[in-house]
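Descriptive analysis of the structure
The lines below spell out each chain.
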Amino acid sequence: MTKRSADSASDQLNRVLIALAWLSDGQPHRLRDLATRVQVDERRLRSDLLAIASRTDDESLGALVGSRLSLDDRTVQLHLSLFRRPMALSPRESSAIELGLALIQHEWPRAEAAVAQSVRRRVSRLTTSPVTSSSNAPIHAIAEGMTEVARQSLQALRGALKTSRKARLQYQSFSATSASARTVHPFGLVLVRGMWYLVAHCERVRALRIFRLDRMVSVRVLASPSAKRGDEELRATLERGRAIVKGATERLRVRYSRKVAPWIREDFDVLEQEDGSVVVEHPLRDDAWALRHVMAYGPDALVIEPTRIRDEVACRFKAIARPRPRAAKRRSS
Amino acid sequence: MAFEQLAKDVPAYRAPGQQLGARMRMFERDKDELRKLGVPIETVELASETKHYRLASRNFYLPRLGFDAREGTARPPSKSAEGNRPPEVTFSVEEYEMILRAAARAQDLGHPSIARDAVAAVQKLSFDLPIIDPESTEWIVPTPAAGDSVILAVLDDALQRHKTVRLTYRSNEHGVVSRRDVSPYGLLMLRGRWFLVALDNRASAVRHFRVSRISRAVVSVRNAQRADFDVPSDFDIRDLSEERRAWELGDGRPISSVVEFDFSDAVAARGAELGERLTSGRASSRRFAVRRPESFVRWLLAFAGAARPISPHAIVSAWRAAAKDAYANYASADRGES
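Residues numbered from 1 in each chain as written. Chains lettered and ligands numbered in written order. Predicted model: local features only at pLDDT ≥ 70, side-chain atom pairs only at ≥ 80, totals over all residues. Heavy atoms only, no water.

Describing the overall build of chain A
- Each helix and strand in chain A was counted, giving 13 helices and 15 strands.
- Relative to its 333 residues, chain A shows a buried fraction of 47%.
- For chain A, long-range pairs separated by at least 24 residues make up 58% of all intrachain contacts whose partners lie at least 6 apart in sequence.
- About 16,400 Å² of surface is accessible on chain A, with carbon and sulfur atoms providing 48% of the total. (Helix = DSSP H or I, 4+ residues; strand = E, 2+ residues; numbered from the N terminus. Buried < 20%, exposed > 50% of the residue type's maximum accessible area, 1.4 Å probe, protein only. Contact = heavy atoms within 4.5 Å. Areas by Shrake-Rupley, 256 points an atom, 1.4 Å probe, with all protein chains shown as cover.)

What follows is the structure in structure tokens.
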């Protein structure tokens, strides 16, 4: 779970205070074990401890720690009566947890979201009281985006995954006019840009498929056990932050104008063109998806191939641009 | 404790030849920095005119944590220096797992400082409670942070200090790059993307700026120690947490647009759910409040003719004009023109 990027003074202060709390029992600790506790690598921990012990000004914390610290290659020991516990969560740390809890709460069925609410209240008890009004105001928030049906589907699928059981989905694919039943062996859930997908073996097509959570009408967990997943297959479903089932042989080639090229570069691998436009080759599995994807860009996207999609898009645009007069329609009928 | 008492214990505050004003400024900066890190230093007004400061240990330390008694000994807490003293705050294992999952989710928001804060929070909690590995049946594809992390750090700094920021921004509506002077109010994650919610100072209106479209952000350096603006007291970034579509963003006056949907088309039928039913008129029509017409027109075009705007004239014309231009592109390409 631990990830670490750029280090800051607050990161270092936090680490030192946590390390001091663990060391405050006065017992010798193996550096490696302490590093695991503090969730930092051994070298950085050693460097933190040396940094604070090297501050030997009179009466400073460095002097206090330095005179009582014993640090060799493998072990560290400190006799200190201060900082026997870590500092309470800072408002920012609490806010980070709060954001994560808000995300989880958005995903739970409303009836069960009360648990998340209760956890949020208790986390606030672990937080230092903000001293100024400006530090009190939250500066980050997450937009809610799941329907109640999607929340219930997600809960059911988590249950199926936990107990390794098959699930029965009523699923309405992108262009279908009604839902159809699918029996699946759930392999995992993938969250991509705020959208959950189920990666599963579909018994109907006898192949790996990805199901969007917001297209599930209902989910029922079955009693029968599900097949084991293949990690290789799962990894193959994630391509540059997108959930994609590999194997689409046909390609949709689209040229996007210079105007929308910056947004396209954010999401796709592009072939740059001399005039500033970009070309993208999308795996083509669904003509209806292709039609709608391209048309959303209006005059800023042009299908290069395949010809059938290109002709259909041109035909649809023509129909919108030159509607038949209503009177003429009546006469013809 | 008064500053004079503190200064005796801090070598930097008693450097020879240093004026009282300079020492006080240094102290104020240090105090602000510590408060920013979460150290709850209180200012106490006593009867005397001298300001005093207090750091109460009950506010400083993490309360002792434990599992609910009913959880038994299935997952004993980590052994810490606190020995067997009773916990002050307890969680069930399920609740604690939820906190760990929340921390993991916060780390995957594509925001470096939120990720660091989530890690730091778990470091602290694990002093009393064990780290439990989450289930491995869920994968979160991290929100791409490339190119955004520096901008996000600048915006966070401005948000915390209430400083104005000059943005270099490529707008969605017109694709043009412009400079905007803004007063940032908050950062909102919407469908996997970060948006800065800020007062556009020239337009005197609150706008959403997609962070990935900000190529440069410079915090005002004027009066560095003072806030440049106050966030309105009735503004709370969490109030914006109801998901909205691109055409609903911003605070411009909304245009009411009526759209007719072909309900035999599954995708159009789903799109219709976002609109409001009309009290009179066709059952297949829906009303939308549109703040960004260009975004709305693009959304309508994506239905490939299965959603037709009926009113107002401006939206209908823009929809037809976009289709006309697009068709002209195909006709021109067929004729071999570039």
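So that's the structure; there's more coming.
Comments concerning the nonpolar core
- The biggest cluster of nonpolar side chains holds 54 residues, and the ones touching the most others in it are Leu155 and Leu167 of chain B.
- Among the elements that take part in this core, helix 4 (residues 93-107) of chain B stands out by supplying eight residues, more than any other.
- Grouped together as the second largest cluster of nonpolar side chains are 50 residues, Val260 of chain A together with Val297, Phe303 and Tyr330 of chain B included. (Core = buried A, V, L, I, M, F, W, Y, C linked by side-chain atoms within 4.5 Å.)

Digging into the interface of chain A and chain B
- Listed by partner, the interface residues are 116 residues for chain A and 122 residues for chain B.
- Remark: the boundary between chain A and chain B carries seven salt bridges.
- In this structure, Arg122 of chain A engages Glu95 of chain B in a salt bridge whose closest nitrogen and oxygen atoms are separated by 2.7 Å.
- Summed over the shared surface of chain A and chain B, the result is 24 residue pairs in polar contact (both at pLDDT 80 or more).
- Split by residue class, the side of chain A that touches chain B holds 61 nonpolar, 24 polar and 31 charged.
- Sheet topology note: the strand 4 (residues 140-142) of chain A/strand 7 (residues 177-190) of chain B ladder contains three bridges and is parallel. Considered in strand 7 of chain B, the bridge of Ala141 of chain A is made with Leu188 of chain B. (Salt bridge = Lys/Arg side-chain N within 4 Å of Asp/Glu carboxyl O. Polar contact = N/O pair within 3.5 Å; in protein donor to acceptor, adjacent residues only side chain to side chain. Nonpolar A, V, L, I, M, F, W, Y, C, P; charged D, E, K, R; others polar. Pairing = 2+ DSSP bridges.)

Regarding the packing of aromatic side chains
Residues and elements named next belong to chain B.
- Within the structure shown, the criterion is met by 20 aromatic pairs over all chains.
- Relative to Phe288, the ring of Trp247 has its centre 6.0 Å away and its plane inclined at 80°; by these criteria the two rings are edge-to-face. With Trp247 in the loop between strand 10 (214-219) and strand 11 (255-261) and Phe288 in strand 13 (residues 285-290), the pair connects residues that are 41 residues apart, well separated along the chain. Considered together, Trp247 and Phe288 belong to a single accessibility category, that of buried residues.
- An aromatic cluster of three or more residues is present, and its members are Trp247, Phe261, Phe288, Phe296, Trp299 and Phe303. (Phe/Tyr/Trp six-rings, centres within 6.5 Å; stacked < 30°, edge-to-face > 60°.)

Some details on helix 6 (residues 113-124) of chain A
- In this model, helix 6 of chain A (12 residues) spans 17 Å end to end at C-alpha, consistent with the 16 Å of a helix rising 1.5 Å per residue.
- For helix 6 of chain A, the set of buried residues is Ala113, Ala116, Ser118, Val119, Arg120, Arg122 and Val123 of chain A. (Expected span 1.5 Å × (residues − 1).)

Here's the deal with the pairing of strand 6 (residues 180-192) of chain A
Residues and elements named next belong to chain A.
- Along strand 6, 11 of the 13 residues are buried, which leaves the element largely enclosed by surrounding structure.
- Examined bridge by bridge, strand 5 (residues 165-171) and strand 6 share five bridges and lie antiparallel to one another. Bridge assignment links Leu169 to a residue of strand 6, and that residue is Arg182.
- The hairpin turn running from strand 6 into strand 7 (residues 195-202), its antiparallel successor, is two residues long, and Arg193 in that turn takes a positive phi close to 45°.

Comments concerning the sheet that holds strand 2 (residues 69-71) of chain A
- Strand order in the open sheet made by the three strands is 1-3-2 (chain A), with antiparallel pairing throughout. Either end of the sheet is taken by a strand with one partner, and the two such strands are strand 1 (29-30) and strand 2 of chain A.

Details of helix 9 (residues 313-334) of chain B
Residue and element names in this part refer to chain B.
- The first and last C-alpha atoms of helix 9 sit 31 Å apart over 22 residues, in line with the 32 Å expected at 1.5 Å per residue.
- Taken as a whole, helix 9 has its buried residues at Ile315, Val316, Trp319, Ala322, Ala323, Ala326, Tyr330 and Ser332.
- At the exit of helix 9 stands Gly336, carrying a positive phi of roughly 85°.

Here we look at the packing of helix 5 (residues 91-107) of chain A against helix 8 (residues 148-163) of chain A
All names here are of chain A.
- One way to put it is that helix 5 packs onto helix 8 with a least axis distance of 8 Å and a crossing angle of 100°. Between helix 5 and helix 8, the crossing angle belongs to the class labelled roughly perpendicular. For the pair formed by helix 5 and helix 8, the contact residues are Gln105, His106 and Glu107 on the first element and Arg151, Leu154 and Arg158 on the second.
- Its residues assigned to classes, the contact of helix 5 with helix 8 shows one nonpolar, two polar and three charged. (Axes fitted to C-alpha atoms, helices over the stretch in contact; angles between N-to-C directions. Parallel < 35°, antiparallel > 145°, perpendicular 65-115°, else oblique.)

Some points on the environment of Glu42 of chain A
All names here are of chain A.
- Relative to the elements of secondary structure, Glu42 occurs in helix 3 (residues 42-53).
- Residue classification places Glu42 among the partly exposed positions, given a relative accessible area of 33%.
- Non-local contacts of Glu42, meaning those with residues more than four positions away in its chain, are made with Leu31, Arg32, Ala35 and Asp73.

Details of the confidence of the model for chain A
Residues and elements named next belong to chain A.
- When pLDDT is averaged across chain A, the result is 80; 81% of the residues are at 70 or more.
- Mean pLDDT across the elements of chain A bottoms out in helix 13 (residues 326-332) (50) and peaks in strand 15 (residues 301-305) (95).
- Within the model, the stretch residues 1-5 combines pLDDT values under 50 with 18 contacts to residues more than four positions away or in other chains.
- Here residues 328-333 is modelled with pLDDT under 50, and outside its nearest four sequence neighbours on either side it reaches one contact, counting other chains as well. (pLDDT = per-residue confidence, 0-100.)

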